[in-house]
Amino acid sequence: MDELGEMIERFGAVTNEVIANGRGRVIKTVGDEVLFVTEHPADAAAIALGLRDRVRTEPSLPLLRIGLAHGMVLARYGDVYGEVVNVAARLTSEARPDTVLVDKEMYDALRDDPRFDLRRIATLHTRGYSHLRAWALRGARER
């Protein structure tokens, strides 16, 4: 239990640091999941890649599965709601370890940004979204 507690503490510290430094805002952390928002899609993409890369250097933490979606959310009482939150959750659950998946709207916002490489993956069939289009996000230097 001590080891698990330390891992959760380390996860929280790492994710909070990377998200805050990337101009993001943590909405909530539940166990080994963190929900964050940004004003700009490129900031979210940079944070996601930064989280993935940082966790790679942390031997006590498992590789991350990250899903990003772009769109409007309803903010209430410190939480966010809306379809974009559900899409991000589905992408996260479908992502392989050490992978960042993004939705069509995020793809549209990032596709011309030279810092990012986006590769189309097979259409996902997940709860509530039988034809979810997704792209794997990598940094441009990872090509």
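**Focus on the pattern of salt bridges**
Opposite charge on two side chains permits pairing when their charged atoms draw close.
No. 1: This structure, assessed with the given rule, holds 14 salt bridges.
No. 2: Notably, a salt bridge pairs Arg52 with Glu142, separated by 2.9 Å at the nearest N-O pair. Placement of the pair is Arg52 in helix α2 (residues 41-56) and Glu142 in the segment after β10 (135-139), with a sequence separation of 90 residues.
No. 3: The exposure class assigned to Arg52 is buried, which follows from its relative accessible area of 4%.
No. 4: We classify Glu142 as partly exposed; its relative accessible area is 31%.
No. 5: As a salt-bridge pair, Arg138 and Asp117 come within 2.8 Å of each other at their nearest N and O atoms. Of the two residues, Arg138 is situated in strand β10 and Asp117 in strand β7 (residues 116-120); the sequence distance between them amounts to 21 residues.
No. 6: Because the salt bridges share partners, they merge into one network encompassing Arg52, Asp53, Arg56, Asp98 and Glu142.

**Overview of the sheet that holds strand β3 (residues 65-68)**
No. 1: Taken in spatial order, the four strands line up as β3-β6-β10-β7 in an open sheet, and their pairing is mixed. Looking along the sheet, the strands with just one partner apiece sit at the ends: β3 and β7. Each neighbouring strand pair of the sheet contributes to a mean axis angle of 30°, computed without reference to strand direction.
No. 2: In this sheet, strand β6 (residues 99-102) lies alongside β3 in parallel orientation, the contact comprising four bridges. When the bridges of β6 are listed, Ile66 appears paired with Val100.
No. 3: Its contacts with the sheet put α2 on β3, β6, β7 and β10, and the angle it makes with β3 is roughly 180°.
No. 4: Across the sheet, helix α3 (residues 83-94) touches β3 and β6, and the angle it forms with β3 is around 150°.

Analysis parameters
Residues numbered from 1 in each chain as written. Predicted model: local features only at pLDDT ≥ 70, side-chain atom pairs only at ≥ 80, totals over all residues. Heavy atoms only, no water. Salt bridge = Lys/Arg side-chain N within 4 Å of Asp/Glu carboxyl O. Helix = DSSP H or I, 4+ residues; strand = E, 2+ residues; numbered from the N terminus. Buried < 20%, exposed > 50% of the residue type's maximum accessible area, 1.4 Å probe, protein only. Pairing = 2+ DSSP bridges. Axes fitted to C-alpha atoms, helices over the stretch in contact; angles between N-to-C directions. Contact = heavy atoms within 4.5 Å.

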